[in-house]
Amino acid sequence: MTDLFSPVQLGNLELSNRIVMAPMTRNRAPQGIPTELMAEYYRQRASAGLIVTEGAQISEQGIGYPATPGIHTDEQIEGWKTVTEAVHDARGHIFCQLWHCGRISHPDYHGGSKPVAPSAIVAAGQAFTYEGLKDFVEPRALDADEIPGIVDQYRHAAACAMQAGFDGVELHSANGYLLDQFLRDGTNRRTDVYGGSIENRIRLLKEVTEAVVAEIGADKVGVRISPVNAFNDIHDSEPQALFNQVAEMLTDIGIAFLHVVEVTMAGDVDRAVDMSDIRRRFNGLSIANGGYDKARGNAAIADGRADLVAYGIPYLANPDLPERFKQDAALNEADQATFYGGDEHGYTDYPTLGD
Ligand code: 8OZ
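Below you will find a few notes about this structure. Residue numbers restart at each chain and count upward from 1, following the sequence in its written direction. It should be noted that, the model being predicted, local features are given only for residues of pLDDT at least 70 and side-chain atom pairs only at 80 or more, the latter also being counted only at that level, while totals for whole chains, interfaces and linings use all residues. Remark: hydrogens and water are excluded; side-chain values derive from all non-hydrogen atoms of the structure.

**Description of the pattern of salt bridges**
Argument step 1. The salt bridge criterion pairs a side-chain nitrogen of Lys or Arg with a carboxyl oxygen of Asp or Glu, the two atoms within 4 Å. In the structure shown here, the tally under the stated rule is 20 salt bridges.
Argument step 2. Of the charged contacts, one joins E138 and K114 as a salt bridge, the two residues approaching to 3.9 Å between their closest N and O atoms. With E138 in the loop between β8 (132–135) and β9 (140–141) and K114 in the loop between β5 (94–99) and β6 (116–117), the pair connects residues that are 24 residues apart, well separated along the chain.
Argument step 3. Here's how the labels work: a residue is buried when its accessible area is under 20% of the maximum for its type, exposed when over 50%, partly exposed in between, all with a 1.4 Å probe on protein chains only. The partly exposed category is assigned to E138, whose relative accessible area is 42%.
Argument step 4. Three or more residues joined by partner-sharing salt bridges are found here, namely E248, D277, R280 and R281. Comment: elements are numbered from the N terminus, with helices defined as DSSP H or I runs of at least four residues and strands as E runs of at least two.

**Examining the pairing of strand β10 (residues 168–172)**
Argument step 1. Of all 5 residues that make up β10, 5 are buried, and the element is covered over most of its length.
Argument step 2. Burial along β10 is two-sided: the residues G168, E170 and H172 and V169 and L171 are all buried.
Argument step 3. Should DSSP find at least two bridges between two strands, the strands are regarded as paired. Here 4 bridges tie β5 to β10, and the two strands are oriented parallel to one another. Bridge pairing in β10 links Q97 to E170.
Argument step 4. Relative to strand β11 (residues 221–225), β10 is paired through 4 bridges, and the arrangement is parallel. For V169, the partnering residue across the bridge sits in β11 and is V221.

**Re the site of the ligand**
Argument step 1. Any residue with at least one heavy atom within 4 Å of a molecule or strand is counted as near it. As a structural note, the neighbourhood of the ligand is formed by T25, Y65, W99, H172, N175, Y177, F231 and Y340.
Argument step 2. Separating an oxygen atom of the ligand from a side-chain N or O atom of H172 is a distance of 2.7 Å.
Argument step 3. Two N or O atoms form a polar contact when they lie within 3.5 Å of each other; inside protein one atom must be a possible hydrogen donor and the other a possible acceptor, and for residues adjacent in sequence the pair counts only when both atoms belong to side chains. Side-chain polar atom of N175 to an oxygen atom of the ligand: 2.8 Å apart, as the coordinates give it.
Argument step 4. Protein burial of the ligand: of its 300 Å² of free accessible surface, 86% is covered by the chains.
Argument step 5. Along the lines of polarity and charge, the residues of the shell around the ligand split into 5 nonpolar, 3 polar and no charged. Note on areas: these come from Shrake-Rupley sampling with a 1.4 Å probe, and a residue is covered only by the protein chains present in the view. When residues are grouped by polarity, Ala, Val, Leu, Ile, Met, Phe, Trp, Tyr, Cys and Pro land in nonpolar, Asp, Glu, Lys and Arg in charged, and all others, Gly among them, in polar.

**Quick notes on the pairing of β11**
Argument step 1. In terms of burial, β11 is largely enclosed, as 5 of its 5 residues are buried.
Argument step 2. The side-chain alternation of β11 yields two buried faces, one formed by V221, V223 and I225 and the other by G222 and R224.
Argument step 3. Direction of pairing for β11 relative to strand β12 (residues 257–261): parallel, over a ladder of 4 bridges. Residue R224 lies in a different strand from β12, and its bridge partner there is H259.
Argument step 4. A crossover links β11 with its parallel partner β12, the connecting element being helix α7 (residues 239–253), and its sense is right-handed. Handedness is read with the strands pointing away from the viewer; a crossover is right-handed when the path from the first strand over the helix to the second is clockwise.

**Topic: the nonpolar core**
Argument step 1. Here, nonpolar core means buried Ala, Val, Leu, Ile, Met, Phe, Trp, Tyr and Cys residues that are tied together by side-chain atoms lying within 4.5 Å of each other. I71, L98 and Y154 are the most contacted members of the largest nonpolar core, which totals 84 residues.
Argument step 2. Among the elements that line this core, the one with the most residues is helix α3 (residues 147–163), at 8 residues.
Argument step 3. Whether two residues are in contact is decided by their heavy atoms: any pair within 4.5 Å suffices. Once residues lying within four places of it in the same chain are set aside, the contact partners of L98 are A56, I58, I71, Y154, A157, A158, V169, E170, L171 and H172.
Argument step 4. With 15 residues, the next largest nonpolar core counts V8, L13, F95 and L308 among its residues.

**Re unusual backbone geometry**
Argument step 1. The phi dihedral of R91 falls on the positive side, at around 65 degrees, and the residue is not glycine.
Argument step 2. Looking at the secondary structure, you find R91 in the loop between α2 (74–89) and β5.
Argument step 3. Of note in this structure, N175 is not a glycine but carries a positive phi near 55 degrees.
Argument step 4. Positionally, N175 belongs in the loop between β10 and α4 (178–183).

**A short note on the side chain of N17**
Argument step 1. By secondary structure assignment, the location of N17 is in the loop between β2 (13–15) and β3 (19–21).
Argument step 2. Taking relative accessible area as the criterion, N17 reaches 6% and is therefore assigned buried.
Argument step 3. A distance of 2.7 Å separates a polar atom in the side chain of N17 from the backbone nitrogen of G49.
Argument step 4. Setting aside anything within four residues of it in sequence, one finds N17 in contact with L4, F5, S6, P7, V8, S47, A48, G49, L308 and P322.

**Quick word on the environment of A310**
Argument step 1. If you trace the backbone, A310 turns up in strand β14 (residues 308–311).
Argument step 2. For A310, a relative accessible area of 2% gives the class buried.
Argument step 3. For the pair A310 and H259, spaced 51 residues apart in the sequence, the C-alpha separation amounts to 8.4 Å.

**So, the state of the cysteines**
Argument step 1. Criterion for a disulfide: a pair of cysteine sulfur atoms within 2.5 Å. Per the stated rule, a full pass over the model turns up 0 disulfides.
Argument step 2. Free cysteine C96: the closest other cysteine sulfur is in C160, separated by 9.5 Å.
Argument step 3. Given a relative accessible area of 0%, C96 falls into the buried group.
Argument step 4. Take C160: its relative accessible area is 3%, and that puts it in the buried class.

**Some remarks on the environment of V169**
Argument step 1. Considering the arrangement of structural elements, one finds V169 in strand β10.
Argument step 2. On a C-alpha basis, the gap between V169 and I121 in space is 29 Å, while along the polypeptide they are 48 residues apart.
Argument step 3. Excluding residues within four positions of it along the chain, V169 makes contact with F95, C96, L98, A158, A161, V212, I216, K220, V221 and G222.

Here it is, written out as structure tokens:
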């Protein structure tokens, strides 16, 4: 029977199991440059079938949080090389998550200029800045003639990721960031070919995916979506129709995987969207995420609801998560106080079963 421990082929990669380390922002990259400590953190978790890194901003324009890593400069590429080498030395596989925050940013990161978004609609809530929380500001709507530049930021970042030794990239089109802002009618009120109909709202994701695929190959590209997550004040009037069409569009391009955050930020199921309807329309590998444990992960794979399962908080606190699952061992509790920023505490000091 196929379960979490069954190997699976992802493009040219033979993954040793179907347990994915989910992308998690940890804010431990001063000046945006990955460190040796980050390499150690990812190395510790290399027994995952696949690691998807924390979001890495694709440009200066894309940043929105303190001390998140970038993937667009030579120094950042050099920093990431220590990470990818550490994971590969431990026989793991690692994709880089490409991230542009769009309106979920603050002028503090942009020399006082407004963050960019599909439309000038301010998000409810506050941005994380180096000076603490500050109210979100009204973003500047991107001009149509700036869109090719956005697409090129993704293409360039994907090329940088391959230079840094990653096995591939995941496009972050979830959780209310730029690509999600374009998808949703709550944040996208454009009147050009990037707004209005679903076909128009998915156009940026389509162009970005096509550009990244042309740069590095479809077998090295995945996309993450979060159809029911209202995090970052994101809303859509017709999410089922929207994400069904996203899945069909991504099938046509032929990317390797679709990574679906199935729950709300609070971890709840929202029956307004049928995830299987979305998945049925996608013909690559599907990665499910959102509150899974071992039993639910195995069940999702056994019923064909997912090919792989991504674990976030359990992976943060359990570097040897596959081994613990295998042995039905107890899991370490995650310490919320050390999720974002700080040092090795709550980062590389969670014990393994052998410790
Ligand atoms: C939590 C804190 C900061 C960023 C996401 C990148 O939601 C994030 C994120 C989550 O995808």
